[in-house]
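Commentary on secondary and tertiary structure
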Amino acid sequence: MSEIGFSNLTWDQVTVLDQVLDEVIPIHGRGNFPTLEVKPKYIIHVVKDQLKERGIIVKDTRLNGSIASYILASHNGISYKDLDIIFGVELPSDQEFQVVRNAVLSCLLDFLPKGVKKEKITLKTMKKAYVQKMVKICDKRDRWSLISLSNNTGKNVELKFVNSLRRQFEFSVDSFQILLDSMLDFYSDKSAKLTKESSPVVVAESMYGDFQEAMLHLQYKLISTRKPEEIRGGGLLKYSNLLVRNFKPAHEAEIKILERYMCSRFFIDFPDVAEQQKKIESYLHNHFIGEEKSKYEYLMTLYGIVNESTVCLMRHERRQTLNMITLMALKVLGEQNILPNTNNVTCFYQPAPYFAFQGRYPSYYVTSGPPPIFFQLCCPLLFHMPNGMV
């Protein structure tokens, strides 16, 4: 990639990076296992050393995604969920994947509190206690693995080990990676104190291609991407999330075309309604912890995009997906005890098969003053009775 994709961090950005790397993050254990208190700079250093000791070639270490965006533009109200750490490594065979896995689990043993009899704890036990999920991708274009460490507040420590990864971003605002090796070298000097004069040069890269353009999008909360059909899921769920967080399309003229690509790729990757629902539920769980009231707005935003921009589904398939999203939204309202006010609801019903009615089905609309909460059903809901009547 050309130099246009890189930029050095300012002193203010370096201080934010230092704060992030020095923050204590709890890794919660399941059952009776104690919580591990770790600082990112320590776990990155320990994992990197373990990998090298076991013969794994480590090219570099980076912060990736929303945490990198936060460091670059924390003054702009940018927030982050996961701590996404990338280790650039060489993984020529399946054996190296296993070495990486064992190295990480061995490192977790070192973070157990004093007094715990570590010799009796196996790596398999550590995996069950502290690992939320493990992913391994190994094909012609992509060779990488992910180990996500559990955090009950949603701020998971995501350790990604990348040999090759064709697509490393969804949108320009999450395309940033911050190279950490100069900071790690600085931390290795115990007597060093971080000042403006002693600060190491820290480089950031935008995988989007043009660093300054991507920074402009981040500062002004603009949505831009390239070839969304290359992204697993099309970036559809992330795009809806950005809209809910008041990001706006950078190019209004082309966003509808991109939305169609997003929807098409999403339904290619998740063709079954049950798969779609599972994916959406997982996204809500991972990205809206502590933001329960935003879930309904998110689902309605997603509903609108699918309704307007889906061109790859049969009519009944699209209707099934829209009904599923609507029911999820109703469930969210129910969980929050926010029930629709029936003073302002359009009701639809379908008569029994033997009842013929000319024209459209009758509907009822009643208004008796503005309700405290506006609710509008986004599509007719048909409740099927056991005897076949609807």
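How each quantity is defined
- Residues numbered from 1 in each chain as written.
- Predicted model: local features only at pLDDT ≥ 70, side-chain atom pairs only at ≥ 80, totals over all residues.
- Heavy atoms only, no water.
- Helix = DSSP H or I, 4+ residues; strand = E, 2+ residues; numbered from the N terminus.
- Buried < 20%, exposed > 50% of the residue type's maximum accessible area, 1.4 Å probe, protein only.
- Areas by Shrake-Rupley, 256 points an atom, 1.4 Å probe, with all protein chains shown as cover.
- Pairing = 2+ DSSP bridges.
- Contact = heavy atoms within 4.5 Å.
- Phe/Tyr/Trp six-rings, centres within 6.5 Å; stacked < 30°, edge-to-face > 60°.
- Axes fitted to C-alpha atoms, helices over the stretch in contact; angles between N-to-C directions.
- Polar contact = N/O pair within 3.5 Å; in protein donor to acceptor, adjacent residues only side chain to side chain.
- Core = buried A, V, L, I, M, F, W, Y, C linked by side-chain atoms within 4.5 Å.
- Salt bridge = Lys/Arg side-chain N within 4 Å of Asp/Glu carboxyl O.
- Left-handed = near helix turned anticlockwise from the far one by under 90°.
- Nonpolar A, V, L, I, M, F, W, Y, C, P; charged D, E, K, R; others polar.

This paragraph deals with the overall build of the protein chain. Across its full length, the protein chain carries 12 helices and 14 strands. When burial is assessed residue by residue, the protein chain has 45% of its 390 residues classed as buried. Surface exposure of the protein chain reaches about 21,000 Å², of which carbon and sulfur atoms provide 52%.

Take the pairing of strand E10 (residues 203-206) next. When strand E1 (residues 6-8) meets E10, the two strands line up antiparallel, connected through 3 bridges. Across the sheet, Phe-6 pairs through a bridge with Glu-205, a residue of E10.

A few words now on the environment of Val-58. By the element assignment, Val-58 lies in strand E4 (residues 58-64). Separated by 31 residues in the primary sequence, Val-58 and Val-89 place their C-alpha atoms 4.6 Å from one another. Residues within four places of Val-58 in sequence aside, it is in contact with Lys-48, Leu-51, Lys-52, Gly-88 and Val-89.

What follows covers the packing of aromatic side chains. For the coordinates displayed, the defined rule picks out 11 aromatic pairs. Between Phe-266 and Phe-270 the ring centres are 5.2 Å apart and the planes differ by 45°, which places this aromatic pair in the tilted class. Each member of the pair, Phe-266 as well as Phe-270, is classed as buried. Arranged with centres 5.7 Å apart and planes meeting at 15°, the rings of Tyr-283 and Tyr-298 form a pair that is stacked.

This part takes up the sheet that holds strand E6 (residues 131-138). The strand order across the open sheet built from 8 strands is E1-E10-E9-E4-E5-E8-E7-E6, with neighbouring strands paired in mixed fashion. On the outer flanks of this sheet lie E1 and E6, each paired with one strand and no other. Each neighbouring strand pair of the sheet contributes to a mean axis angle of 20°, computed without reference to strand direction. Judged from the 3 bridges that link them, E4 and strand E9 (residues 176-179) form a sheet pairing that is antiparallel. Bridged to Arg-62 within E9 is Leu-179. The strands touched by helix H2 (residues 40-53) are E4, strand E5 (83-89), strand E7 (143-149) and strand E8 (157-164); relative to E5, the strand with the most contacts, the crossing angle is about 20°.

With that settled, consider the side chain of Asp-60. Among the structural elements, Asp-60 can be located in strand E4. At a separation of 3.4 Å, a polar atom in the side chain of Asp-60 contacts the side chain of Arg-62.

All right, on to unusual backbone geometry then. For Lys-227, which is not glycine, the phi dihedral falls at a positive 45°. Relative to the helices and strands, Lys-227 resides in the loop between strand E11 (222-223) and helix H8 (236-244). For Lys-227, a relative accessible area of 51% translates into the label exposed.

In terms of nonpolar packing, the biggest core is built from 100 residues, with Leu-17, Leu-51, Leu-63, Phe-161 and Ile-178 touching the most fellow members. If we skip the residues at most four places from it in the chain, Leu-51 touches Ile-56, Val-58, Phe-87, Val-89, Val-100, Ala-103 and Phe-161. Residues Trp-144, Leu-146, Val-162 and Leu-165 belong to the second largest nonpolar core, which totals 5 residues.

This next bit is on the pattern of salt bridges. Should the charged atoms of two oppositely charged side chains come close, the side chains can pair. According to the stated counting rule, one finds 16 salt bridges in the structure shown. Here Asp-269 ties to Arg-232 by a salt bridge, and the two come within 3.9 Å at their closest N and O atoms. Here Asp-269 is found in helix H9 (residues 252-269), whereas its partner Arg-232 is found in the loop between E11 and H8, with 37 residues between them in sequence. When the shortest N-O distance is used, the salt bridge between Glu-308 and Lys-256 registers 3.2 Å. Taken together, the residues span a long stretch of sequence, with Glu-308 in helix H11 (residues 292-309) and Lys-256 in helix H9 at a distance of 52 residues.

Contact geometry for helix H10 (residues 273-287) and helix H12 (residues 315-335): axes closest at 10 Å, N-to-C directions at 35°. H10 and H12 meet at a crossing whose hand is right-handed. Contacts between H10 and H12 pair Val-273, Gln-276, Gln-277, Ile-280, Glu-281 and Leu-284 from the former with Gln-320, Thr-321, Met-324, Ile-325 and Met-328 from the latter. Among the residues forming the contact of H10 with H12, the class breakdown is 6 nonpolar, 4 polar and 1 charged.

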